[in-house]
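Per-entry structural report
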Amino acid sequence: MPTLKIGDKAPDFHAVTQTGKPVSLKSFQGKKLALYFYPKDNTPGCTAEACNLRDNFQILRERGVDILGVSPDNGASHQKFIEKYVLPFGLIPDIEKKIIRDYGAWGKKKLYGKEYEGLIRTTFLIDEHGVVEHIFTKVDTKNHAQQILAVLT
């Protein structure tokens, strides 16, 4: 599992959003991208995070940041999640977990003392040149947009 650091070139990806629209890291060249990895659609923490990003979407865009979410859910689940919460950004279904693993967002976790493998909630702020500018490993799901805004230069 790669461990990305600030200053590393972000791994390129080629995927499709929930609507089947092709997307890659190069699609965001010249813009900042908040690429956020979350465990599951329609769960309390993931919904809080998505809604906080939605509620601050315009402010983030005005500051030059695009948003793209990634989870192991399928496209149909993502589409329902977007419609239910009126999310203005795309979500990538990464059922094979290729992008998730390339970014190091899959690994060992603990819940109630039991260890298991799963998605590690992480956001990568990628600059206009495809370089990792900031990594959020302690995501505050209810205030994530504010965390991103706080580190913008």
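Residues numbered from 1 in each chain as written. Predicted model: local features only at pLDDT ≥ 70, side-chain atom pairs only at ≥ 80, totals over all residues. Heavy atoms only, no water.

Section: the sheet that holds strand β5 (residues 90-93)
Reading across the sheet, the 5 strands line up as β5-β4-β3-β8-β9 and stay open at both edges, with mixed pairing between neighbours. One side of each edge strand has no neighbouring strand; the edge strands of this open sheet are β5 and β9 (132-136). Within the sheet, the average angular offset between the axes of one strand and its neighbour, ignoring direction, is 20°. Each of β4 (65-71) and β5 touches helix α3 (residues 75-85); the most contacted strand, β5, lies at about 160° to it. (Pairing = 2+ DSSP bridges. Helix = DSSP H or I, 4+ residues; strand = E, 2+ residues; numbered from the N terminus. Axes fitted to C-alpha atoms, helices over the stretch in contact; angles between N-to-C directions. Contact = heavy atoms within 4.5 Å.)

Regarding the pattern of salt bridges
By the definition in use, this model includes 11 salt bridges. Between K32 and E133 there is a salt bridge; the shortest N-O distance is 2.6 Å. Residue K32 is located in strand β3 (residues 32-37), and its partner E133 is located in strand β9; the two are separated by 101 residues in the primary sequence. The class for K32 is buried, based on a relative accessible area of 7%. For E133, a relative accessible area of 21% translates into the label partly exposed. When the shortest N-O distance is used, the salt bridge between K108 and E117 registers 4.0 Å. By relative accessible area, K108 is classed as exposed at 58%. By relative accessible area, E117 is classed as partly exposed at 46%. Ionic contacts of the salt-bridge type, sharing partners, join the residues K31, R61 and D66 into one network. (Salt bridge = Lys/Arg side-chain N within 4 Å of Asp/Glu carboxyl O. Buried < 20%, exposed > 50% of the residue type's maximum accessible area, 1.4 Å probe, protein only.)

Regarding helix α1 (residues 44-55)
In this model, α1 (12 residues) spans 16 Å end to end at C-alpha, consistent with the 16 Å of a helix rising 1.5 Å per residue. Taken as a whole, α1 has its buried residues at C46, T47, E49, A50, C51, N52 and L53. Turning to α1, the residues buried within the fold contact β3, α2 (57-62), β4, α3, β8 (122-126) and α5 (144-151). (Expected span 1.5 Å × (residues − 1).)

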